[in-house]
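Reading the structure
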Amino acid sequence: MVLMQSPTLHFSKTRIAPTPSGYLHLGNALSFALTASLAKKYGAKILLRIDDLDRGRVNPQYVQDIFDTLNFLEIPWDEGPRNMQEYENAWSQLHRMDTYQNALQQLKESGAVYACTCSRTQIHTCTCRDKDISLDTENVSWRLRTNHERELSITTLNEGIIKPKLPAEMKDFMVKKKDGYPAYQLTSLIDDLHFGIDLIVRGEDLWPSTVAQHYLAEALQQPGFQKITFHHHPLIMESGDKKLSKSAGATSIKYLRENGKTMADVYKAMMSMGGTGFVPSV
């Protein structure tokens, strides 16, 4: 992977944004290390943001694992919680619920969303868009009314500005879940704007989310989101070209650490699984 080489390029802040839904694995560690490497290269500070609004899957052990993993790998951060207490007292996304609700209210008032009663497996045959279900109905999700012919503008680190359209898998994507919590696409966008992020490093599997969030930014009249630069890195895979999962215990940093592996061992493991050429030294 060749990164843009510009001596004048500078960013103010990037972020590491894990979800506490399982023990972090080698793929997570790669993304964190690459973020730290690019932050150092371009003079950016690093925010640690813990995306914890999937409340059914959040586990205090997984939150602690985030701190343990970052400290074990000696990956630095400048802003955000340093321990469980700071996370709970000030940094959980629960503390920013008013900000998310304001964005949802804006979408409601502009008519940009509709209520949906369908499950994830029913969405391909969903007709809720035309049913005019009240947004205040219990146990409904809110979906954004999307137009897949609209051209978006995304600034990337390697390719400059590109102009994709919303991928088919993001048709009428969710902005509010049935449990009442705002969905990932909305919270991630709002948080990145809230914290002044101008460089986002993600796995290439999250490209559809990047496009969806640009679409949502337009719906929320947030042109500042277009000023953020994105870098999507290749993933390291299990055998058979299968993406790493947090349920894959043998690739978790916790498992490796508890079995006597060193930081150097972990980086070597990343390279052996396909990270050669873009695993940074930090």
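None of these values were measured; they are calculated from a predicted model.

So, about the overall build of the protein chain. Helix and strand counts for the protein chain come out as 8 helices and 11 strands. Counting every position in the protein chain, which comprises 282 residues, the buried fraction comes to 49%. In the protein chain, once contacts between residues fewer than 6 apart in sequence are set aside, the share between residues at least 24 apart is 76%. A total of about 13,700 Å² of accessible surface is found on the protein chain, and carbon and sulfur atoms cover 48% of it.

Attention now goes to the nonpolar core. If you look at the biggest cluster of nonpolar residues, it comprises 37 residues, and the most contacted ones within it are Leu26, Leu48, Leu70, Ile75, Val266 and Met270. Only helix H1 (26-42), strand S2 (45-48), helix H2 (60-72), helix H3 (84-91), strand S8 (199-203), helix H7 (253-258) and helix H8 (263-275) provide two or more residues apiece to this core. Take this core: its biggest share by element is 10 residues, from H1.

Reading fine detail from the predicted coordinates is not recommended where pLDDT is low. With 89% of its residues at a pLDDT of at least 70, the protein chain reaches an overall mean of 91. Below a pLDDT of 50 lies the segment residues 1-5, which in the model reaches 20 contacts outside its immediate sequence neighbourhood of four places, other chains included.

With that settled, consider the environment of Lys176. Along the chain, the position of Lys176 falls in strand S7 (residues 174-176). Here Lys176 falls in the buried class, since its relative accessible area comes to 17%. Spatially, the C-alpha atoms of Lys176 and Trp142 are 4.9 Å apart, while their sequence positions differ by 34 residues. The residues touching Lys176, leaving out its near neighbours within four places in the chain, are Leu104, Ser141, Trp142, Tyr181, Pro182 and Ala183.

Right, let's get into the packing of aromatic side chains. Considering all chains together, one arrives at 4 aromatic pairs under this definition. An angle of 90° between the planes, with centres 5.5 Å apart, marks the rings of Phe11 and Tyr42 as edge-to-face. Of this pair, Phe11 sits in the segment before strand S1 (13-16) while Tyr42 is found in helix H1, placing the two residues 31 residues apart along the sequence. A single burial state applies to Phe11 and to Tyr42, both of which are buried.

What follows covers the sheet that holds strand S4 (residues 141-144). One open sheet holds the 3 strands; their spatial order is S3-S4-S7, and the pairing between them is antiparallel. Here the strands that pair on one side only, and so sit at the sheet edges, are strand S3 (113-116) and S7. Between one strand axis and the next, the sheet turns through 40° on average, direction left out of account. Of the strand pairs in this sheet, S4 and S7 are connected by 2 bridges, and their pairing is antiparallel. Across the sheet, residue Trp142 finds its bridge partner in S7, namely Lys176.

About the cut-offs
- Residues numbered from 1 in each chain as written.
- Predicted model: local features only at pLDDT ≥ 70, side-chain atom pairs only at ≥ 80, totals over all residues.
- Heavy atoms only, no water.
- Helix = DSSP H or I, 4+ residues; strand = E, 2+ residues; numbered from the N terminus.
- Buried < 20%, exposed > 50% of the residue type's maximum accessible area, 1.4 Å probe, protein only.
- Contact = heavy atoms within 4.5 Å.
- Areas by Shrake-Rupley, 256 points an atom, 1.4 Å probe, with all protein chains shown as cover.
- Core = buried A, V, L, I, M, F, W, Y, C linked by side-chain atoms within 4.5 Å.
- pLDDT = per-residue confidence, 0-100.
- Phe/Tyr/Trp six-rings, centres within 6.5 Å; stacked < 30°, edge-to-face > 60°.
- Pairing = 2+ DSSP bridges.
- Axes fitted to C-alpha atoms, helices over the stretch in contact; angles between N-to-C directions.

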